[in-house]
Amino acid sequence: MLPILDLKSNGASGRDEFRRVLAKLRGTSSFDSDASRTVNDIIAAVRKDGDAAVVRYMRQWTDAGFVASRIVVAQKEIDAAAASIDPKLKRALAAGIRNVRRYQKHILPRNTKPITIDGAELGLRFTPVDSVGLAVPGGKAAYPSSLIMLAVPALVAGVPAQRISVVTPPPTRQPGDAASHADVSPLVLATCAMLGISRVYRIGGAQAIAALALGTESVEKVDLIAGPGNVFVQLAKAQLNGIVGTDNGFYGPSEIVTIADSTADPARVASDLLAQAEHDPGKCFVVAWSRRVLDRIVAQVQAQRAACQRGDAIDNALANESAAILVRDEKHAVEVADTLAAEHVNLAVRDPRKLLAKLRHGGEFFLGDATPVAAGDYYAGPSHCLPTGTTGRFASGVSVYTFLKRSGTVWYRRGMPGHVVEAVSRLARAEGLDAHAASAEARRK
C-alpha cells in the first residue's frame, strides 16, 4: 500500500516523516556507511591481487562457481547472441539506437568561434576521452537499454567502439541453487554486437569498477567509467574518481516524482509509479494539493498491482520506499519536488510547460500524463542513466557531454601587446613568481 504523507496541515508528524524520506534517499550516497568501507576494501584487494580478487568477490556475491577464465566474454559468444536475437526485438533495439544517436548528435557541442581579447585569440575545443568502461546492470535482470543509453552517447562523442569496455554480471545464484554455467544476458551481448563493441567482461559490482579503473590480468584499464548500478557500484565510482574519470553522477536505485493536479489521469499516473516500483528497489512519489487526486491515484495503484509480475519488489517499494505526498498548493509541490530532486519527474498537470519553468532539479522531465517514463527508458532519445538520491540538485545524467573534455585555446597571433606583458608581469611578481613574470617579459616586442 502506498502511504499518504500529509504536509498540507503543516503538522509535526508530516514534517518528521518527510525528513525520514529525505534521509533515506540521501543515505544511499553516503560515504559514512558500512557499504563505503566494504567498497574501500574491495578496491584495495583488486589493486593488490587483480583477477584473483575479482574472482573472490564474484564467488561471494554472484556465483559460487565463478572462475577467472569466465571474466572475458569470447567474441564467438557475442556473435552467437547476435545471431539468435528475435528479428522483431532487434528492430525495436535498432530503432531505440537510432533515436538516441539522433538526439545525442543534436546536442553534440561544437568548437566555439574564437574571440579576440587584448590581442589573444581565445577558443574552446571538445575532444573525446580515449577509452571508457560502461557498467551495465545484471544479476537480477537484463538491461540492454542501459547499454544503449551509455554506449551511443560515447560513440557520438567520438570514442572508438574498440576502446569501449562493458562490464555486466551473470545472473545471481541464490544459496542452494544447482550449479550452472550461468551467463550474461544474450540480449546485452547482441546489443554489443549491434553497436560494434567487442570488449565485454562477465563481472559486476564494485570489483568490476575497480578492475576497469586499475586494470587486472584480464581487464584492460580505461580512462573513464560511466553507468548505473547498486550502492556498491556508485560508491566505487566515487572512491576511484581521480584515479580514473567518472560520469560524476550517482545513478543508484530508480526514482520517480509525479506532480499531479485534477486533470491527471489516475490510471496513467499509477502505471508510471508501478513501472518504477518494479525495480528492486524502486522509489516512487506522487505529489498533489488535492486529497481526492491522491486517493484516486492510490486506488489505481492498488487496482493495477494485481496484474504485475514483480509483485514482491513492488510491494516492498510501495510500503517502504515510497509515498503519496499531500501539499498546500502548486508552489509547495514545486518545493517538495525540487527537494527530492528525483531521477524522473513527471508533470501530470494541465500546463506542464508552465510548471517545468518553475522547477530546478531533476534528472529528466516528462511532460504530461500521456508521456510515460518508459519511453525515456527505452526509446525517446535522452539517456536514462540519471542522478538519484537527491543528487539531481547538482548532478546531470549521462549524455554525449559525459565523454568529452573541454580545453581552452590561447594564441597571440601577432605577439603579446606591451600592456599585456606589463599586466602579466605585475600580477606574477605580486604573487612572488618572478619566473612567471620573466616568461612574459621575454615576449616583449
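Let us look at the structure shown here.

Rules used in this analysis
Residues numbered from 1 in each chain as written. Predicted model: local features only at pLDDT ≥ 70, side-chain atom pairs only at ≥ 80, totals over all residues. Heavy atoms only, no water. Helix = DSSP H or I, 4+ residues; strand = E, 2+ residues; numbered from the N terminus. Contact = heavy atoms within 4.5 Å. Axes fitted to C-alpha atoms, helices over the stretch in contact; angles between N-to-C directions. Left-handed = near helix turned anticlockwise from the far one by under 90°. Nonpolar A, V, L, I, M, F, W, Y, C, P; charged D, E, K, R; others polar. Phe/Tyr/Trp six-rings, centres within 6.5 Å; stacked < 30°, edge-to-face > 60°. Pairing = 2+ DSSP bridges. Buried < 20%, exposed > 50% of the residue type's maximum accessible area, 1.4 Å probe, protein only. Polar contact = N/O pair within 3.5 Å; in protein donor to acceptor, adjacent residues only side chain to side chain.

Focus on the environment of Ala-342
And step 1. Summarising the element assignment, Ala-342 is placed in the loop between helix H13 (330-340) and strand E12 (344-348).
And step 2. Excluding anything up to four places from it in sequence, Ala-342 contacts Glu-255, Ile-256, Val-257, Ala-337, Gly-362, Gly-363 and Pro-387.

Regarding the packing of helix H5 (residues 87-107) against helix H6 (residues 144-157)
And step 1. As a packed pair, H5 and H6 sit with axes 9 Å apart at the nearest point and diverge in direction by 35°. Handedness of the crossing formed by H5 with H6: right-handed. Each of Leu-93, Gly-96, Ile-97, Val-100, Arg-101, Gln-104 and Lys-105 in H5 lies in contact with H6, whose residues at this interface are Pro-144, Ile-148, Met-149, Val-152, Pro-153, Leu-155 and Val-156.
And step 2. Residues belonging to the contact of H5 with H6 are distributed by class as follows: 10 nonpolar, two polar and two charged.

What about the packing of aromatic side chains?
And step 1. Summed over all chains, the structure comprises two aromatic pairs.
And step 2. Grouping aromatic residues by their ring pairs yields a cluster made of Tyr-57, Trp-61 and Phe-232.

Some remarks on the sheet that holds strand E7 (residues 224-226)
And step 1. With parallel pairing, the five strands of this open sheet are ordered in space as E6-E5-E4-E7-E8. The open sheet has two free edges, formed respectively by strand E6 (199-201) and strand E8 (245-246), since each of these has just one partner strand.
And step 2. Bridging between E7 and E8 involves two bridges; their strand directions are parallel. Within the sheet, the bridge partner assigned to Leu-224 lies in E8 and is Gly-245.

Observations concerning the side chain of Arg-202
And step 1. Assignment of secondary structure puts Arg-202 in the loop between E6 and helix H8 (205-214).
And step 2. Residue class for Arg-202 comes out buried when judged on its relative accessible area of 2%.
And step 3. Among the polar contacts listed, one links the side chain of Arg-202 to the side chain of Glu-77, at a separation of 2.6 Å.
And step 4. When residues no more than four places from it in sequence are discounted, the contact partners of Arg-202 are Met-58, Phe-66, Arg-70, Ile-71, Val-72, Val-73, Glu-77, Thr-168, Pro-169, Pro-170, Asp-183 and Val-184.

Some thoughts on the environment of Tyr-251
And step 1. As for its placement among the helices and strands, Tyr-251 is situated in the loop between E8 and strand E9 (254-260).
And step 2. Put simply, Tyr-251 and Leu-386 are 135 residues apart on the chain and 5.7 Å apart in space, counted from C-alpha to C-alpha.
And step 3. Ignoring sequence-local partners within four residues, the contact set of Tyr-251 consists of Gly-227, Pro-228, Gly-229, Gln-234, Lys-237, Cys-385, Leu-386, Pro-387, Thr-388, Ser-396, Gly-397 and Val-398.

By themselves, these are just geometric observations and shouldn't be taken as functional.
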